[in-house]
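# Remarks on the overall topology
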Amino acid sequence: MALWHSVIEHLSLKRSPNRTPLFFLSAMLLFWTLYEGMISYLTPIAVEHAGYSKSMIGVILGSSSIAGAVFDVIACRVFRTSTFRRMFLIVFVLCLSYPIILFQANTFVWFLLAMGVWGIYYDLKDISNLDFVARFTQKHDHAGSFGILGSFQAAGFLLGPLIAGIFLAQAYDFQPFAMALIFLSIAFVFFLALLFVTRKQMKMVHVTPIKRIGFSAELVLWSRLGRVLFPILFFGMFLNVIDAFFWTIGPLIAESFSHIKTFSGLFMTAYSLPSLLIGWWVGSITKVFGKKRTAFLSLLVGSAILIPMAFLSSPVMTIGLVFIASFFISLSWPSIAGAVADYVSEADGYAREIETLSDYASNLGYIVGPILAGFVADRFSNTGAFFFLGVLGVLVSLALFVLVKQKINVLKQLPRVS
């Protein structure tokens, strides 16, 4: 009942006219992440099905973010004045092709092609979300808005692996890929509705004129912004390392639960469910403790809880531990995303650079994460990889909590671009 009242409070159309676009974006992301949840679960299994080791699975999955990182450099210039509307359209086109390429891939080159498509469309999705929140919500609502979007995305990642696991219990064929494409089609319908409800508001949104600069000057600006925002970017990178560990090793752990084969997807469901629950309250929590402090402390607790996973043999206990750890880690994502959106709105002349740097950091996490996860799992065990991850997370969160000041003012450290 408390969750229902919170949903009504956040999405009530009477509260704010800007809640209507947020509702349609949330609905779109729900079905998009049902697609993505299934695809993310199927991808490492598809690579393993082709006969590759865990280390090679990590290398192949990590290549998606290498493509994404290269794309970030291009996106900052090509999409400099683009809005979420155009970028989401490209996302849907690429999403349509990915399952088809992945299913028929049987060589390293084909898998690299699939990973390139995956890395690019996921980048554009993240940049589009950030662009939407910065344009359509107030600064004090940034973390809360990401919490709402995160809750709807968590619902998709909650159910997607479970649905994929049910299909895989029967056979590895194109049926789960086809089901994912059906969810993608429903998401596209909500995207068309989002285009309709934002057509007039987009004309009223103020966009700071952006001066075009040369490529070398762009890289210098990236470097200077990167130094100013390094703690935030590094934290975002590490969160994606954690996510990569779960999506690289998690499906392999889940498929090893032989006596609960039909419901093996519950492992990844336990990882995704807390984001659905906590997202509705994250805005209230960050208003009390601050966005960065909330992010650092929640990661510290969540990482510490992951450490005992290496010593568990019961699937039920393992799934329960993942759920508790993820409950705390899920607070970190919208909290730090809200901080990034603050910088975008405060320094709007640097908006595209900040958005792209944030996504670039995410890509670095997804380059390091799968490779590191596969390497550690091959040399120890699947669950042993999470012991390593938990210890690393404790050290990172402690260091950032102690060293990072609560206020980072971009405009005081850099001249405004206009």
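Cut-offs applied
Residues numbered from 1 in each chain as written. Predicted model: local features only at pLDDT ≥ 70, side-chain atom pairs only at ≥ 80, totals over all residues. Heavy atoms only, no water. Axes fitted to C-alpha atoms, helices over the stretch in contact; angles between N-to-C directions. Helix = DSSP H or I, 4+ residues; strand = E, 2+ residues; numbered from the N terminus. Parallel < 35°, antiparallel > 145°, perpendicular 65-115°, else oblique. Contact = heavy atoms within 4.5 Å. Nonpolar A, V, L, I, M, F, W, Y, C, P; charged D, E, K, R; others polar. Salt bridge = Lys/Arg side-chain N within 4 Å of Asp/Glu carboxyl O. Expected span 1.5 Å × (residues − 1). Buried < 20%, exposed > 50% of the residue type's maximum accessible area, 1.4 Å probe, protein only. Phe/Tyr/Trp six-rings, centres within 6.5 Å; stacked < 30°, edge-to-face > 60°. pLDDT = per-residue confidence, 0-100. Left-handed = near helix turned anticlockwise from the far one by under 90°.

Glancing now at the packing of helix 2 (residues 19-49) against helix 10 (residues 230-255). For the pair helix 2 and helix 10, interaxial distance at closest approach is 9 Å and the crossing angle is 75°. It follows from the interaxial angle that helix 2 and helix 10 lie roughly perpendicular. For the pair formed by helix 2 and helix 10, the contact residues are Gly37, Ser40, Tyr41, Pro44, Ile45 and Glu48 on the first element and Trp247, Thr248, Pro251, Leu252, Ala254 and Glu255 on the second. Class assignment of the residues belonging to the contact of helix 2 with helix 10 gives a composition of seven nonpolar, three polar and two charged.

Take the pattern of salt bridges next. One pass over the full model with this rule turns up one salt bridge. For aspartate 126, the salt bridge goes to lysine 125, with nearest N and O atoms at 2.9 Å.

Right, let's get into helix 13 (residues 291-306). Helix length check: helix 13 (16 residues) gives 23 Å between terminal C-alpha atoms against 22 Å at 1.5 Å per residue, within 8%. When helix 13 is considered as a whole, its buried residues turn out to be Lys292, Thr294, Ala295, Phe296, Ser298, Leu299, Gly302, Ser303, Ile305 and Leu306.

Mapped onto the secondary structure, threonine 269 falls in helix 11 (residues 266-278). Judged by relative accessible area, threonine 269 falls into the buried class, the value being 10%. Those residues in contact with threonine 269 that lie beyond four places of it in its chain are Leu158 and Leu162.

This part covers the packing of aromatic side chains. Here the structure, examined in full by the defined rule, presents 26 aromatic pairs. Consider the rings of phenylalanine 174 and phenylalanine 177, whose centres lie 5.8 Å apart with planes at 10°: the pair is stacked. Among the residues examined, phenylalanine 174 registers a relative accessible area of 30% and is labelled partly exposed. Owing to a relative accessible area of 0%, phenylalanine 177 belongs among the buried residues under this scheme. Measuring from centroid to centroid gives 5.0 Å for phenylalanine 235 and phenylalanine 296, while their planes differ by 65°, and the two rings are edge-to-face. Residue phenylalanine 235 is found in helix 10, and its partner phenylalanine 296 is found in helix 13; the two are separated by 61 residues along the sequence.

Averaged over every residue, the pLDDT of the protein is 79; the share at 70 or more is 80%. The least confident element of the protein is helix 1 (residues 2-11), whose mean pLDDT is 42; the most confident is helix 7 (residues 175-197), at 92. Confidence drops under pLDDT 50 across residues 1-17; counting only partners more than four residues distant or on other chains, this segment forms 23 contacts. Of the regions scoring below 50 in pLDDT, residues 203-210 engages in seven contacts with residues more than four places distant in sequence or in other chains.

A separate point is the packing of helix 2 against helix 7. At their nearest, the axes of helix 2 and helix 7 sit 8 Å apart, and the two run at 165° to each other. Considered as vectors, helix 2 and helix 7 are oriented roughly antiparallel to each other. Every pair of crossing elements has a handedness; the one defined by helix 2 and helix 7 is left-handed. Here the contact of helix 2 with helix 7 is composed, by residue class, of 26 nonpolar, one polar and no charged.

The next thing to look at is the side chain of serine 326. Relative to the assigned elements, serine 326 resides in helix 14 (residues 315-346). Using a relative accessible area of 4% as the deciding quantity, one classes serine 326 as buried. Each residue touching serine 326, except ones within four places of it in the same chain, is listed here: Ala270, Tyr271 and Pro274.

This part covers the environment of proline 274. Considering the arrangement of structural elements, one finds proline 274 in helix 11. The buried category is assigned to proline 274, whose relative accessible area is 0%. Linking proline 274 and isoleucine 329, residues 55 residues apart in sequence, is a C-alpha distance of 8.8 Å. Discounting residues that sit within four places of it in the chain, proline 274 has contacts with Phe323, Ser326, Phe327 and Ser330.

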